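Each chain, letter by letter, is given below.
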Amino acid sequence: MNYFEYRENELWCEEVPVAEIAEQVGTPFYLYSIRTLKRHFDVFDSAFNALPHIVCFSVKANSNLAILKMFINEGAGVDIVSGGELYRALRAGVDPGKVVYSGVGKREDEIRFALESDILMFNVESSQELEVINSCAEAMKKKARISLRVNPDVDPLTHPHISTGLKKNKFGIDIERSLDEYRRAVKLKYVDIVGVDCHIGSQITEVSPFADALDRLKELIFLLRRDGLEIQYLDLGGGLGISYDQETPPHPEEYAKVIIDKSRDIDCIFILEPGRVIVGNAGVLVSRVLYTKHNSERNFVIVDAGMNDLIRPSLYDAYHHIQPVIKEERGEFVADVVGPICESGDYLAKDRVIPELKRGDLVAVMSSGAYSFSMSSNYNSRPRVPEVLVKDGQFYIIKRRETYEDLIRGESVPNILL
Ligand code: LLP
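Each chain has its residues counted from 1, following the order in which its sequence is written. Whole-chain, interface and lining totals are the exception, using all residues; otherwise, since this is a predicted model, local features are given only for residues with pLDDT of at least 70 and side-chain atom pairs are given and counted only at 80 or more. Note: side-chain values were computed over all heavy atoms of the structure, leaving out hydrogens and water.

1. Describing the state of the cysteines
Each disulfide consists of one covalent bond between the sulfur atoms belonging to two cysteines. Disulfide assignment relies on a single distance test, namely cysteine sulfur atoms paired within 2.5 Å. Under the defined criterion, the tally for this structure stands at zero disulfides. Unpaired in this structure, Cys 268 has its nearest cysteine sulfur neighbour in Cys 198, at a distance of 12 Å.

2. Concerning the nonpolar core
By nonpolar core we mean a set of buried residues, namely Ala, Val, Leu, Ile, Met, Phe, Trp, Tyr and Cys, connected to one another through side-chain atoms within 4.5 Å. For every residue, the accessible area (1.4 Å probe, protein chains only) is compared with the maximum for its type, and the residue is labelled buried under 20%, exposed over 50%, or partly exposed between those bounds. By size, the foremost hydrophobic cluster in this structure holds 102 residues, and its most contacted members are Phe 71, Phe 122 and Ile 146. Secondary structure elements follow DSSP: runs of H or I of four or more residues count as helices, runs of E of two or more count as strands, with numbering from the N terminus. Looking at this core, the element that brings in the most residues is helix H8 (residues 208-226), giving seven residues. When residues of this core are assigned to domains, at least three map to each of domain 1 (4-32 + 280-408) and domain 2 (34-278). Contact between two residues is taken to exist if any of their heavy atoms lie within 4.5 Å; hydrogens are not considered. When sequence neighbours within four positions are dropped, the list of residues in contact with Ile 146 reads Met 121, Phe 122, Val 124, Leu 130, Ile 133, Ala 185, Val 191, Asp 192, Ile 193, Val 194 and Gly 195. Delimitation of the domains relies on an automatic or database domain assignment.

3. So, the pattern of salt bridges
Any Lys or Arg side-chain nitrogen found within 4 Å of a carboxyl oxygen on Asp or Glu counts as a salt bridge. Applying the stated criterion across every chain, the model contains 30 salt bridges. Of the charged contacts in the structure, one is a salt bridge between Arg 107 and Asp 109, with a shortest N-O distance of 2.8 Å. Assessed through its relative accessible area of 49%, Arg 107 is described here as partly exposed. Judged by its relative accessible area of 37%, Asp 109 falls in the partly exposed class. Two residues, Asp 309 and Arg 382, come together in a salt bridge whose shortest N-O distance is 2.7 Å. Of the two residues, Asp 309 is situated in the loop between strand E15 (299-303) and helix H11 (312-316) and Arg 382 in the loop between strand E19 (362-365) and strand E20 (387-391); the sequence distance between them amounts to 73 residues. Looking at Asp 309, the relative accessible area reads 2%, which means it is buried. The structure contains a network of salt bridges with shared partners spanning Arg 7, Glu 14, Glu 15, Arg 35, Lys 391 and Asp 392.

4. Looking at the site of the ligand
Residues are counted as near a molecule or strand when any one of their heavy atoms sits within 4 Å of it. Close contacts around the ligand come from 19 residues, with Ser 202, Glu 273, Arg 312, Tyr 316 and Tyr 371 the closest. For the purposes of these results, a polar contact is taken to be a pair of N or O atoms within 3.5 Å, where, inside protein, one atom must be able to donate a hydrogen and its partner to accept one; residues adjacent in sequence count only when each atom of the pair is a side-chain atom. Side-chain polar atom of Tyr 371 to an oxygen atom of the ligand: 2.5 Å apart, as the coordinates give it. Under the convention used here, a 1.4 Å probe and the Shrake-Rupley method define accessible areas, while residue burial counts only the protein chains that appear. If the ligand stood free it would expose 600 Å²; the protein chains cover 92% of that surface. Put simply, Ala, Val, Leu, Ile, Met, Phe, Trp, Tyr, Cys and Pro go in the nonpolar bin, Asp, Glu, Lys and Arg in the charged bin, and everything else, Gly too, in the polar bin. A class-by-class count of the residues in the shell around the ligand yields five nonpolar, eight polar and six charged. Taken domain by domain, the shell around the ligand gets at least three of its residues from each of domain 1 (4-32 + 280-408) and domain 2 (34-278).

5. Quick word on the packing of aromatic side chains
Both the distance between ring centres and the angle between the ring planes are used here to describe each pair of aromatic rings. Stacked, edge-to-face and tilted labels apply to pairs of Phe, Tyr and Trp rings (six-membered ring for Trp) whose centres lie within 6.5 Å, assigned for plane angles under 30 degrees, over 60, and everything in between, in that order. Per the counting criterion, the structure on display carries nine aromatic pairs. Consider the rings of Phe 44 and Phe 48, whose centres lie 5.4 Å apart with planes at 40 degrees: the pair is tilted. Judged by relative accessible area, Phe 44 falls into the buried class, the value being 2%. On the basis of relative accessibility, which here comes to 0%, the residue Phe 48 falls in the buried class. Between the aromatic rings of Phe 48 and Tyr 255, the centroid separation amounts to 5.8 Å while the plane-to-plane angle is 80 degrees, which identifies the pairing as edge-to-face. Linking Phe 48 in the loop between helix H2 (34-47) and strand E5 (53-58) with Tyr 255 in helix H9 (residues 252-262), this pair joins segments that are 207 residues apart in sequence. A connected cluster of aromatic rings, assembled from ring pairs, spans Phe 44, Phe 48, Phe 210 and Tyr 255.

6. A short note on the domain arrangement of the protein chain
For the protein chain, the assigned domains are domain 1 (4-32 + 280-408) and domain 2 (34-278). Inter-centroid distance (C-alpha atoms) of domain 1 to domain 2 is 32 Å. Taken together, the 25 residues of domain 1 in the interface contact 22 residues of domain 2. Two parts placed together each lose some accessible area under a 1.4 Å probe, and adding up what both lose gives the buried area. Summing both partners gives a buried area of about 2,000 Å² for domain 1 against domain 2, and 54% of it is carried by carbon and sulfur.

7. With respect to the packing of H2 against H9
Interaxial angles span 0 to 180 degrees and are taken between N-to-C directions of axes, which are lines fitted to C-alpha atoms, for helices over the stretch in contact. It is at 8 Å that the axes of H2 and H9 come closest, and there the two elements cross at 20 degrees. As summarised for this structure, H2 and H9 are arranged roughly parallel, according to the angle between their axes. In this structure, the crossing between H2 and H9 has a hand that is right-handed. Taking contact as the criterion, the partners of Val 43, Phe 44 and Ala 47 in H2 are, on H9, Pro 252, Glu 253, Tyr 255, Ala 256 and Ile 260. An angle counts as roughly parallel when it lies under 35 degrees, as roughly antiparallel when it exceeds 145, as roughly perpendicular when it falls between 65 and 115, and as oblique in every other case. It is the rotation of the near helix from the far one that decides the hand of a crossing: anticlockwise by less than a right angle makes it left-handed, clockwise makes it right-handed.

Below is the structure:
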C-alpha cells in the first residue's frame, strides 16, 4: 500500500499533484512519499514486536540524509557497507550503537572510522578481514565487536545478480567452516564475539529461504554457546521482496511470524536489515517524454531520464511499471521506453504495452524508491536529478539538481597541459 494514487485521472503523491511538482522542479526527479516510508517502516518494525530486535535500515537502498533521518526518528539503526555510508548515517544522527557494518572489502581506514565511531558490530566476511579488524582495534586500544557473516548456502530463489547466500557467491564464510573461524576469533584479543549474521539475497518473494537460513544459523548458535560463547545478536540480513509487477511477496507480518515462531528457543536480540521492502514502493521517478519515433520494427518513446538515473532495467532486466502522470483518453501501443544515453542498453521498458504517449507527456516510473537514485551516476555527463519528499500537502527538495559546475567538481588540469 502506498500513497501514489490517481484522482480524476491525475497522479497524486499524498496531497500533491505530481504534475505540479514537475512544473516547479523540472524533470526528471525522484519523488518520495513520507507517509508511505513511515508506514512501511512501522509495519515492518511492529511485525517483530514479539522479539527483542533492531531494524537496521540498509543505507545502500536509499542513502538520502532526509530519508535516513526519518527512519532514525522512528528508532531505526542502519546497515552500512562503507565509510561513506557510515558518514551519512552519523550525519543523519544515527545512534552508533545501532550500526552494523557488512561488506567483503572493508578498508583499514573504514575499519578505523567504524571503531572510532563505536558501532554496534562488524559483520566479518573473511579470516583475513578478522585479522585486520583485530590489528586495527589493537592499534586503537579498543575492542571490536564482531559477528561472522556466515554463508548458509540456501537458494534465495531470486535473480542471480542479487543472490548472496550461495557457495558460489563471494559473500560470507561457509557455514561448515564458520565454527572453526569462530574458534580462531576467540583467540584474538581485540575482538569481542557478539553475534552471528547472514544475508542471503535480495528481492526474495518466498519465506522458505529465510526459514532455512534461520534453521542453519540456530544450529550454529547452539554449537557456539556450547563452546561458551555469548551470542547476543542474530542478524538475519535483509532481502524481503516487493511487488514491481505480478510478484506476490509475503507481507512483513507473514515473514516475521515465521521467524518469531522459530525463535522462541533462542534468546537473542534480532537484527533485521531491510532496504527495498521499506523504500522500494515509496518512490517514483518522474520523467518527461522528449520525442516519440517509429521505425519499421518498433515504437520508441524517448524520455528525459536514462540508465544513469535508473540503471535497474539495464542491469538486471528489472521491471518497473511506467504510467502517465495524466491519464488521457488514448489508445495503447507496444513501445520501448528509452533514455537519452548513447547505449542500446539504455531503456526503462522494452516491448511494453503502454498508453500512446506523446512529446511533452509526464510519466512516472513506479517502484523507484530503492536502488534507484542510490545507483545513479553522471554517465554521459548528465547532472544527477533532484530528490523530492512529500509530506501531506507540501513538498521538500531533499537533494537539489546537480549543476554543470557540480559535474567537474574536484577535477583539475595539470600545469603541463596549460
Ligand atoms: N544487508 C546486506 C548485507 C545487503 O547486502 C543488502 C543488500 C541488504 C541488507 C538489503 O537488502 P534488501 O532488503 O534491500 O533486499 N541493486 C540491487 C539490489 C542489491 C542488494 C544488495 N544487498 C537491485 O537493484 O535489485
